[in-house]
Amino acid sequence: MRLTFGLESRLLAAFTVALVLVALLTVSTWRLVNAASEAAAWVVRTQTVLNHLAHIRTQTVLIELHTQSFRLSGDPARLAERNASIAQRQALLQQLGQDVADDTAQQARWAALTDVIAQRLRISRQVEHLRQTQGMEAANAYVATAALQATRERAHGLMTAMEDHERDLLARHTRDQMASHQRMFWAWVVLSGGLLALFVFTHVVMRRQLRRLQASRQALADSEDSLATTLHSIGDGVLATDTAGRITRMNRVAEQLTGWSQAQAQGRPVEEVFC
């Protein structure tokens, strides 16, 4: 009974520890997968923002070139090209605003960039108006006094700041992800080692208990043989019963006295066999 209780308690403890380790391994694996997914999302987000900024730069340069070309030539085709670039840039600006909506600093830069671009667009519209109504000299005179250079530098400075911010965020998240992966890796190694050690411990305990059980069975068998030998060597008739009064053993003298053999009397009430 004591051996059985000890074995059951040890197995229960080992099973509980194994469940805890498996749960910790599951959590660690989930965190690794979640960190990888988060890092991938940041890469996609950063690349999207950088891509939109690059296209906005391109469309801004094209708008300036088309406006300047119209100012010099007066060709309406240049205005159509400029307006197409303006529409594309506006769509890119709206997408960029959605991309950085969760970043307060980037959202402030985006708002400032939108204001500067709107200011430059008003200058472009005024150049168009003067060129169409008063000619190239009036348009050139306005360009000479307009804040083209200041707004250009302001717009490019804001876009550069947004690009640098996105790259810094990506680098920081990459470092954090690598550090998290290292921590999770070592945690996984430790937990896996603990689980393996637990399995080895359980195997050793089981083998030890099995050897003890075999030794106990052998001792019981030897005791049974010794008891049988002792019982049959007694000169008097001897009957042995269980707690219910049913015959479990009897020697040869008892067989002669009762007229029942051991096989016939086995399991019968003692009152039935011995009158």
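All values derive from a computational prediction rather than experimental measurement. Residue indices begin from 1 for each chain and proceed along its sequence in written order. Only residues with pLDDT of at least 70 get local features here, since the model is predicted, and only at 80 or more are side-chain atom pairs given and counted; chain-wide, interface and lining totals rely on the full set of residues. Excluded from the side-chain calculations are hydrogens and water; all other atoms, namely the structure's heavy atoms, are used.

Enquirer: Sorry if this is basic, but what is going on with the overall build of the chain here?
Expert: Numbering goes from the N terminus for both helices and strands, where a helix is a DSSP run of H or I of at least four residues and a strand is a run of E of at least two. Helices and strands together make up the secondary structure of the chain, namely eight helices and two strands. Secondary structure elements of the chain, listed N to C terminal, follow the sequence α-α-α-α-α-β-β-α-α-α. Three exposure classes are used, based on accessible area relative to the maximum for each residue type with a 1.4 Å probe and protein chains only: buried under 20%, partly exposed in between, and exposed over 50%. Across the 275 residues of the chain, 29% fall into the buried class. Taking the contacts inside the chain whose residues are at least 6 apart along the sequence as the reference set, 62% of them involve residues at least 24 apart. We get accessible surface area from the Shrake-Rupley algorithm with a probe of 1.4 Å; when it comes to residues, only the shown protein chains can shield them. Accessible area for the chain stands at about 17100 Å²; split by element, carbon and sulfur atoms hold 60% of it. The contact criterion used throughout is that any non-hydrogen atoms of two residues lie within 4.5 Å.

Enquirer: What am I meant to see in helix α4 (residues 136-145) here?
Expert: Each full turn of the α-helix corresponds to 3.6 residues, which orients residues three or four apart in the same direction. For α4, every residue scored as buried is listed here: Ala138, Ala139 and Val143. Buried residues of α4 fall within an arc of 140° about the axis and therefore sit on the same side. Away from its buried face by more than 90 degrees, α4 exposes Glu137, Ala144 and Thr145. This arc is taken over the directions from the axis of the helix to the C-beta atoms.

Enquirer: Looking at this structure, how should I read the side chain of glutamate 128?
Expert: Within the secondary structure layout, glutamate 128 lies in helix α3 (residues 104-133). Since its relative accessible area comes to 16%, glutamate 128 is described here as buried. If sequence neighbours within four positions are ignored, glutamate 128 has contacts with Phe70, Leu79 and Arg82.

Enquirer: Is there a simple way to think about the packing of helix α2 (residues 76-99) against α3 in this case?
Expert: A pair of packed helices can be characterised by two numbers: the angle between their axes and the separation between those axes. All axes here are fitted lines through C-alpha atoms, helices being fitted over the stretch that makes contact, and every angle between N-to-C directions spans 0 to 180 degrees. Interaxial distance between α2 and α3 falls to 11 Å at its minimum, and their mutual angle equals 165°. Relative to α3, the element α2 lies roughly antiparallel. Between α2 and α3 the crossing geometry is left-handed. On the side of α2, the interface is formed by Leu79, Arg82, Asn83, Ile86, Arg89, Leu93, Leu96 and Gly97, while α3 contributes Gln107, Trp110, Leu113, Ile117, Leu121, Ser124, Arg125, Glu128 and Gln132. Polar here means any residue other than Ala, Val, Leu, Ile, Met, Phe, Trp, Tyr, Cys and Pro, which are nonpolar, and Asp, Glu, Lys and Arg, which are charged; Gly is therefore polar. Split by residue class, the contact of α2 with α3 holds eight nonpolar, five polar and four charged. Under this scheme an angle from 65 to 115 degrees is roughly perpendicular, one under 35 degrees roughly parallel, and one over 145 degrees roughly antiparallel; angles in between are oblique. Crossings are sorted by hand: turned counterclockwise from the far helix by less than a right angle, the near helix makes the crossing left-handed, and turned clockwise it makes it right-handed.

Enquirer: So what exactly am I meant to see when it comes to the pattern of salt bridges here?
Expert: A side chain with one charge may pair with a side chain of the opposite charge, provided their charged atoms come close. Salt bridge criterion: a side-chain nitrogen from Lys or Arg within 4 Å of a carboxyl oxygen from Asp or Glu. Using the criterion set out here, one finds 10 salt bridges in the structure. Among the ionic pairs, arginine 45 bridges to aspartate 102, the shortest N-O distance being 3.5 Å. With a gap of 57 residues between them, arginine 45 in helix α1 (residues 2-73) and aspartate 102 in the loop between α2 and α3 connect regions that are remote in the sequence. For glutamate 64, the salt bridge identified is with arginine 152, shortest N-O distance 3.4 Å. Placement of the pair is glutamate 64 in helix α1 and arginine 152 in helix α5 (residues 148-233), with a sequence separation of 88 residues.

Enquirer: Would you take a moment to explain the side chain of arginine 71 for this structure?
Expert: One can find arginine 71 in helix α1. For the purpose of charge, His is not counted, nor are the chain termini; Lys and Arg are scored as positive and Asp and Glu as negative. Buried charge without a salt bridge: arginine 71, with glutamate 64 as the nearest opposite-charge side chain at an N-O distance of 9.9 Å. Within the local environment of arginine 71, its side chain forms a polar contact with the side chain of asparagine 140, the two groups lying 2.3 Å apart. In this structure, arginine 71 is in contact with Val127, Arg131, Met136, Ala139, Asn140 and Val143, ignoring residues within four places of it in sequence. In protein, a polar contact requires one atom able to donate a hydrogen and another able to accept it; more generally it is a pair of N or O atoms within 3.5 Å, and residues adjacent in sequence count only if both atoms are side-chain atoms.

Enquirer: How should I be thinking about the nonpolar core in this particular structure?
Expert: The nonpolar side chains of soluble globular proteins are, as a tendency, buried together. The criterion is simple. A nonpolar core is a set of buried Ala, Val, Leu, Ile, Met, Phe, Trp, Tyr and Cys residues joined through side-chain atoms within 4.5 Å. In this structure, Ile56, Leu96, Leu113 and Met162 are the most contacted members of the largest nonpolar core, which totals 16 residues. Counting only elements with at least two residues in this core, the list comes to α1, α2, α3 and α5. In this view, isoleucine 56 contacts Arg89, Leu92, Leu93, Leu96, Ile117 and Met159; residues no more than four positions away in its chain are not counted. Listed in part, the six residues of the second largest apolar core include Ile123, Val127, Ala139 and Val143.

Enquirer: Mind showing me how you'd approach the pairing of strand β2 (residues 247-250) here?
Expert: It is a general feature of regular strands that their side chains alternate between the two faces of the sheet. Only strands that DSSP links by at least two bridges are regarded as paired with each other. Across three bridges, the pairing between strand β1 (residues 239-241) and β2 is antiparallel. Note on β2: the bridge partner recorded for alanine 240 is arginine 249. Taken together, β1 and the strand that follows it, β2, pair antiparallel across an intervening segment of five residues, in which glycine 245 is found at a positive phi of about 80°.

Enquirer: Is there a simple way to think about the packing of α3 against α4 in this case?
Expert: The N-to-C vectors of α3 and α4 enclose an angle of 155°; their axes lie 7 Å apart at closest approach. Overall, the two elements α3 and α4 adopt an arrangement that is roughly antiparallel. In terms of crossing hand, the pair formed by α3 and α4 is right-handed. On α4, the residues touching Ile123, Gln126, Val127, Leu130 and Arg131 of α3 are Met136, Ala138, Ala139, Tyr142 and Val143. The residue makeup of the contact of α3 with α4, split by class, is eight nonpolar, one polar and one charged.

Enquirer: Sorry if this is basic, but what is going on with the environment of threonine 241 here?
Expert: Structurally, the position occupied by threonine 241 is in strand β1. When its relative accessible area of 39% is taken as the criterion, threonine 241 is described as partly exposed. Spatially, the C-alpha atom of threonine 241 lies 8.4 Å from that of proline 269, the residues being 28 residues apart in sequence. Apart from residues lying up to four places away in sequence, threonine 241 is in contact with Arg246, Ile247, Thr248 and Val270.

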